[in-house]
Amino acid sequence: AIEAIVASMRAHSQVEDVQKMGCWALRNVCFCTDAAGHARSQRAAEAGTVEAIVAAMRAHPQVQKMVCRALVNVCFGTDGAALARKQ
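The following paragraphs examine the structure supplied in this document.

## With respect to helix α2 (residues 16-29)
- In this model, α2 (14 residues) spans 20 Å end to end at C-alpha, consistent with the 20 Å of a helix rising 1.5 Å per residue.
- Every buried residue belonging to α2 is among Gln19, Gly22, Cys23, Ala25, Leu26 and Arg27, and all of these are buried.

## What about the environment of Ala4?
- With respect to the element layout, Ala4 can be found in helix α1 (residues 2-11).
- Residue class for Ala4 comes out partly exposed when judged on its relative accessible area of 47%.
- Through-space distance from the C-alpha of Ala4 to that of Gly22 is 9.6 Å; in sequence the pair is 18 residues apart.

## Thoughts on the pattern of salt bridges
- Going through the model one piece at a time under the given rule, you end up with one salt bridge.
- The partner of Glu3 in a salt bridge is Arg43, and the shortest N-O contact between them spans 2.9 Å. Here Glu3 is found in helix α1, whereas its partner Arg43 is found in helix α3 (residues 35-46), with 40 residues between them in sequence.
- We classify Arg43 as partly exposed; its relative accessible area is 38%.

## What about the nonpolar core?
- In this structure, Met9, Cys23, Leu26, Ile53 and Val67 are the most contacted members of the largest nonpolar core, which totals 18 residues.
- Sorting the residues of this core by element identifies α1, α2, α4 (49-59) and α5 (64-75) as the ones contributing at least two each.
- If we ignore the near neighbours within four places in the chain, the residues touching Met9 are Val18, Gln19, Gly22, Cys23, Leu26, Ala52, Ile53 and Ala56.

## Brief notes about α4
- Every buried residue of α4 is accounted for by Thr49, Ala52, Ile53 and Ala56. The arc enclosing the buried residues of α4, seen along the axis, measures out at 100°, which places them on a common side. With respect to the buried face of α4, the exposed residues turned more than 90 degrees away are Glu51 and Arg58.

What counts and how
- Residues numbered from 1 in each chain as written.
- Predicted model: local features only at pLDDT ≥ 70, side-chain atom pairs only at ≥ 80, totals over all residues.
- Heavy atoms only, no water.
- Helix = DSSP H or I, 4+ residues; strand = E, 2+ residues; numbered from the N terminus.
- Expected span 1.5 Å × (residues − 1).
- Buried < 20%, exposed > 50% of the residue type's maximum accessible area, 1.4 Å probe, protein only.
- Salt bridge = Lys/Arg side-chain N within 4 Å of Asp/Glu carboxyl O.
- Core = buried A, V, L, I, M, F, W, Y, C linked by side-chain atoms within 4.5 Å.
- Contact = heavy atoms within 4.5 Å.
- Arc of directions from axis to C-beta.

Here is the structure:
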């Protein structure tokens, strides 16, 4: 699902609703504090979500609230992988 979300965001980068709902979906998929949640966040980062989220923020300032929520969940954690995602 993560890869499909990112692909949709990239394919429809000029459609604000796709960007907003893509960020909403990523926020929900990556929300969790257990090992499975951290694994999903890492998978999301490897799939290019941070770049897709930043592109959405640049193209559509109106979605910044949802963008921030998605970034928080993708980057959440204190392990080495989380610290790398924050770079």
